[in-house]
There are 2 protein chains.
Amino acid sequence: MTGAESIERPYHHGDLRRALIDAALALVTEEQDWSFSLREVARRAGVSHNAPYNHFPEKRDLLGAVAAAGFDALRDRMRAAIARVGSPRAALLACAAAYVKAGVENPALYRLMFGPALAAPAPAVRPSAAKPDSGRPAEARAAGAGAKAVLEEIILRGAERGVFAISATSKSELAVAALSNWSAVHGLTMLAIDSLTGSELAVDTLVNRIMRTLLEGLEPR
Amino acid sequence: MTGAESIERPYHHGDLRRALIDAALALVTEEQDWSFSLREVARRAGVSHNAPYNHFPEKRDLLGAVAAAGFDALRDRMRAAIARVGSPRAALLACAAAYVKAGVENPALYRLMFGPALAAPAPAVRPSAAKPDSGRPAEARAAGAGAKAVLEEIILRGAERGVFAISATSKSELAVAALSNWSAVHGLTMLAIDSLTGSELAVDTLVNRIMRTLLEGLEPR
DNA sequence: CCATAATATGGTCACTGTCAACTTAACGCG
DNA sequence: CGCGTTAAGTTGACAGTGACCATATTATGG
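Report on the accompanying structure. (Residues numbered from 1 in each chain as written. Chains lettered and ligands numbered in written order. Predicted model: local features only at pLDDT ≥ 70, side-chain atom pairs only at ≥ 80, totals over all residues. Heavy atoms only, no water.)

**Concerning the overall build of chain A**
The secondary structure content of chain A amounts to eight helices and zero strands. Secondary structure elements of chain A, listed N to C terminal, follow the sequence α-α-α-α-α-α-α-α. Counting the 221 residues in chain A, one finds 48% classified as buried. For chain A, the computed accessible surface area is about 10,800 Å², with 54% contributed by carbon and sulfur atoms. (Helix = DSSP H or I, 4+ residues; strand = E, 2+ residues; numbered from the N terminus. Buried < 20%, exposed > 50% of the residue type's maximum accessible area, 1.4 Å probe, protein only. Areas by Shrake-Rupley, 256 points an atom, 1.4 Å probe, with all protein chains shown as cover.)

**Quick word on the relation of the copies chain B and chain A**
Take chain B, turn it by 180 degrees, move it 0.0 Å along the axis, and it overlays chain A with an RMSD of 0.1 Å. These values place the two chain copies in the arrangement generated by a two-fold rotation axis. Across chain B, the rotation axis passes nearest the C-alpha of Gly217 of chain B, at a separation of 1.6 Å. The overlap is high: 100% of the interface residues of chain B also sit at the interface in chain A, so the same surface is used on both sides. (Least-squares fit on C-alpha atoms with pLDDT ≥ 70 in both. Contact = heavy atoms within 4.5 Å.)

**Observations regarding the interface of chain B and chain A**
With 48 residues of chain B at the interface, the matching set in chain A holds 48 residues. In this assembly, chain B packs against chain A so that about 4,100 Å² is buried in total across both faces, 61% of it on carbon and sulfur atoms. Three residues stand out in chain B for area buried against chain A, namely Leu191, Leu218 and Glu219 of chain B, and they jointly supply 18% of the buried area on that side. At the surface where chain B touches chain A, the tally comes to four salt bridges. For Glu219 of chain B, the salt bridge goes to Arg89 of chain A, with nearest N and O atoms at 2.6 Å. Across the chain B-chain A interface, the total number found is 17 residue pairs in polar contact (both at pLDDT 80 or more). Elements with a contribution of two residues or more to the side of chain B that touches chain A: helix H4 (88–105), helix H5 (107–114), helix H6 (138–161), helix H7 (171–195) and helix H8 (200–216) of chain B. In terms of residues, the side of chain B that touches chain A owes the most to one element, H7 of chain B, which gives 16 residues. For the side of chain B that touches chain A, the class distribution of residues is 24 nonpolar, 12 polar and 12 charged. (Buried area = accessible area lost by both parts, 1.4 Å probe. Salt bridge = Lys/Arg side-chain N within 4 Å of Asp/Glu carboxyl O. Polar contact = N/O pair within 3.5 Å; in protein donor to acceptor, adjacent residues only side chain to side chain. Nonpolar A, V, L, I, M, F, W, Y, C, P; charged D, E, K, R; others polar.)

**Digging into the protein's contact with DNA strand C**
Around DNA strand C, the structure places 24 residues, and the nearest of them are Ser48, Asn50 and Asn54 of chain A together with Arg39 and Asn50 of chain B. Here a base nitrogen of DNA strand C and a side-chain polar atom of Asn54 of chain A are 2.7 Å apart. Taking Tyr53 of chain B, its side chain carries an N or O atom lying 2.8 Å from a phosphate oxygen of DNA strand C. Ranked by residue count, the leading element in the surface near DNA strand C is helix H2 (residues 38–45) of chain B, at three residues. The residue makeup of the surface near DNA strand C, split by class, is eight nonpolar, 11 polar and five charged. (Near = heavy atom within 4 Å.)

**Side note on the packing of helix H1 (residues 18–31) of chain B against H2 of chain B**
All names here are of chain B. Direction vectors running N to C along H1 and H2 enclose 115 degrees, while the axes themselves pass 9 Å from each other. At the point where H1 passes H2, the crossing takes the right-handed sense. Counted together, Leu20, Ala23, Ala24, Ala26, Leu27, Glu30 and Glu31 of H1 and Glu40, Val41, Ala42, Arg44 and Ala45 of H2 form the full contact between these two elements. When its residues are assigned to classes, the contact of H1 with H2 shows eight nonpolar, no polar and four charged. (Axes fitted to C-alpha atoms, helices over the stretch in contact; angles between N-to-C directions. Left-handed = near helix turned anticlockwise from the far one by under 90°.)

**Some points on the packing of aromatic side chains**
Residues and elements named next belong to chain B. Evaluated as defined, the whole model comprises eight aromatic pairs over all chains. Look at Tyr99 and Tyr110: their rings are 5.8 Å apart centre to centre, the planes differ by 80 degrees, and that puts the pair in the edge-to-face class. Of this pair, Tyr99 sits in helix H4 while Tyr110 sits in helix H5, and the two are 11 residues apart along the sequence. Neither Tyr99 nor Tyr110 differs from the other in exposure class; each is buried. (Phe/Tyr/Trp six-rings, centres within 6.5 Å; stacked < 30°, edge-to-face > 60°.)

**Description of the side chain of His186 of chain A**
For His186 of chain A, the location among the structural elements is in helix H7 (residues 171–195). On the basis of relative accessible area, His186 of chain A is assigned to the buried category, the value being 0%. Excluding residues within four positions of it along the chain, His186 of chain A makes contact with Tyr99, Tyr110 and Phe114 of chain A together with Gly187 and Met190 of chain B.

Take a look at the structure:
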């Protein structure tokens, strides 16, 4: 044990694992796909084809770490977007715009984040052997929760200030409201990736209009 | 040329291509993953390891066909869900519930549908060679549009009857409303897959509450 | 200074995706 | 009828891959 588990301190390379994650992230970004070989990641990092196995038991684990890094970056961008706005409504709009923009800028990374990284191992398929690998997507899951927390904070602030029609003391209402926002932004991002990859202006206006629909509702008032 | 291009008429097998799609779909469902080998799909179909190449140029194309089949099944389930309901609001709820249920029942298939199947080939990466493979995800895209159309019809009906606060003649407003619904349902499905895989009751209640939030809006009225 | 565990390397194996060439079967046609 | 043509499927082959093993090397604790 090194004692400080959070600070990975490889001995020989300097900081492999970070280098591997960076190389894999670069490959995902360049090829817009994660079908590259683990050996190529090792090649980019300048190590032998087996060095990555000292840090990641399987290829999926490396991809999971890349997804976790993507979630962390997404969280940072969301926090930066809401840093200089006051009202919860403006924060929600800015946060959604930053979120969608991040997804559109790197669709493959976004798909990786919500793809196999979060997929839990099928429980019913394995007949008897219950491998303790259930903790594999834990890293990506935790990072995703970190990003989700940004949205939840905005919802909570809005509820406290009375600008959202939910009770700030009802955990259930808060959770539903946060989930509906998270759903809308997440779904919008995936659809934006598919439909309007390129025109950045259209993304902003579309985000604004859809978030307005979400805030004001679909039924006549 | 056989003359009828839409009707695949294999000579030797009866209907390979359909058999391959079925085998691949079964594998996706069983293993909750599409990392299986193309050779295993061929094995399941009882053909040699190279027979699939007569129907799909690459493995991705077979996965795209599986995704398209998944979209068709999703569309059918949505249509069946709204067949016996009257009001647009009830149709929206039933449609969303069916959608989410389908996603939760087969998460891997759902992820495949919105994963690499819809991913367009990166345009800026390929330096010069512009391969004419841009039509690869076309099949899945078209099938996805078919499922999306169900939601759009509900929105249009609601606008016509005046139960939704949008103009039935404004193409733009209709598109935004449909997109916001599609986004919410799609995002909710992905989040439901991650959080509550199993409890089916919770899915229904959560869908109802979130769709109500969407219909009535988040801000006080 | 050594013992130990962590870290990287080279070697190996079954397997994969894809290409090329060959065989089989159905059709069209003089 | 034989003939070529073409689609559909088969066999063989090759480079490359993921994952494992044993081995070598280096940093860290004592």
